[in-house]
Amino acid sequence: MYATQSATSEFRDAFRRQRLVLFALMLRNIRTRYFGHGLGYLVAIAWPLVHTLIIIALFGVNGRMAPVGESTTLFVATGAVPYQAQSYLSTFMMTSVLMSRPLFAFPEVKVMDALLASIVLEVLSSCTVVLILIVIGVAFGENLMPRDLEQAALAYGAAIILGVGVGFFNGTLALAMPMWALMFALLRILLWLASGTVFLPDNLPEPYRTMQSYNPIAQSIEWMRYAYYDGVGAGFLDRAYVLEFGVGMIFVSLLIERMTRGHLLSLR
């Protein structure tokens, strides 16, 4: 009985320490992300929102019609939301690890703590952006509700899992090769243009359509649009592939981090 109570007490103390570490890392990320002040974190919420609104405005100014449906706003939003969910997660998980590196000298702070704190923060930020986008859409008379709410939620969750998987990989790789952070920032621009945020991958001619089918970001975007538009992605969408890719990246990244933990932290 005493041994059981002692083990329970130790578990509670460890959980409490872990919670405090994660909370402290989240506060540090908020305060250091922009301008060295907590209010600067509002930029992290405003930027993806403004990014989406700019793309919508460009479509409207150029008179471009959405390739499916009647609303350009809805089409762009269904591409931007899943893309940005995974993109910001995969980017700022990596950035968080690099910014938190001096803290790894303390025994209580691990690489995994920095990654988990970043996941929680970015998911909350992403959900806030989606809610604000819905409110803006309703204010301007846009119906942003999907025809299949369950599939829309699953598509959004899959985009988050994909972002977490790539973020784990980026964080581990960036510790060994800090230049990867800049390289991935440039890659994000190419992925934005090439992953179907402003076009339908299913409409591409062969062999480009088949090549896009191996892009998990394009698959997550097509999944979201499937929840809004009847018949979209019928011969292209592979839901299992998105989840398998994301979970596989998480598993591989955790394995690499565990095997190279001491070496990565010793690098300068």
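Everything that follows concerns the structure shown earlier in this document.
Since the structure is predicted, the reported quantities are computational estimates derived from the model, not experimental observations. (Residues numbered from 1 in each chain as written. Predicted model: local features only at pLDDT ≥ 70, side-chain atom pairs only at ≥ 80, totals over all residues. Heavy atoms only, no water.)

Tell me about a nonpolar patch on the surface, and name the residues and values.
Taken together, the side chains of M177, M179, L182, M183, L186, I189 and L193 make up a nonpolar region of the molecular surface, amounting to roughly 690 Å² of accessible area. Relative to the elements of secondary structure, M177 occurs in the loop between α5 (149-176) and α6 (180-194). Residue classification places M177 among the partly exposed residues on the basis of a relative accessible area of 35%. (Patch = residues over 30% accessible without salt bridge, like charges linked within 9 Å, V, L, I, M, F, W, Y side chains within 5 Å. Areas by Shrake-Rupley, 256 points an atom, 1.4 Å probe, with all protein chains shown as cover. Salt bridge = Lys/Arg side-chain N within 4 Å of Asp/Glu carboxyl O. Helix = DSSP H or I, 4+ residues; strand = E, 2+ residues; numbered from the N terminus. Buried < 20%, exposed > 50% of the residue type's maximum accessible area, 1.4 Å probe, protein only.)

Can you break down the pattern of salt bridges residue by residue, with the values?
Under the defined criterion, the tally for this structure stands at two salt bridges. Among the ionic pairs, R209 bridges to D202, the shortest N-O distance being 2.7 Å. A relative accessible area of 21% means that D202 is categorised as partly exposed. Where E206 meets R209, a salt bridge forms, and the shortest distance between an N and an O atom there is 3.7 Å. Judged by its relative accessible area of 48%, E206 is partly exposed. Each of D202, E206 and R209 takes part in a single network of salt bridges with overlapping partners.

Describe the packing of aromatic side chains, listing the residues and the values that go with them.
The tally for this structure, following the rule as stated, stands at four aromatic pairs. Between Y241 and F245, the ring centres sit 6.1 Å apart and the planes meet at 55 degrees, which makes this aromatic pair tilted. Of this pair, Y241 and F245 both sit in helix α9 (residues 239-266), four residues apart, which is roughly one turn of that helix. What makes F245 partly exposed here is its relative accessible area of 29%. Sitting above the plane of the Y88 ring, R188 keeps its charged end 5.0 Å from the centroid. One residue, R239, lies across the ring of Y226, its end atom 4.7 Å from the ring centre. (Phe/Tyr/Trp six-rings, centres within 6.5 Å; stacked < 30°, edge-to-face > 60°. Lys NZ or Arg CZ within 6 Å of the ring centre and 35° of its normal.)

So far we have only geometry, and geometry alone does not tell us how the molecule works.
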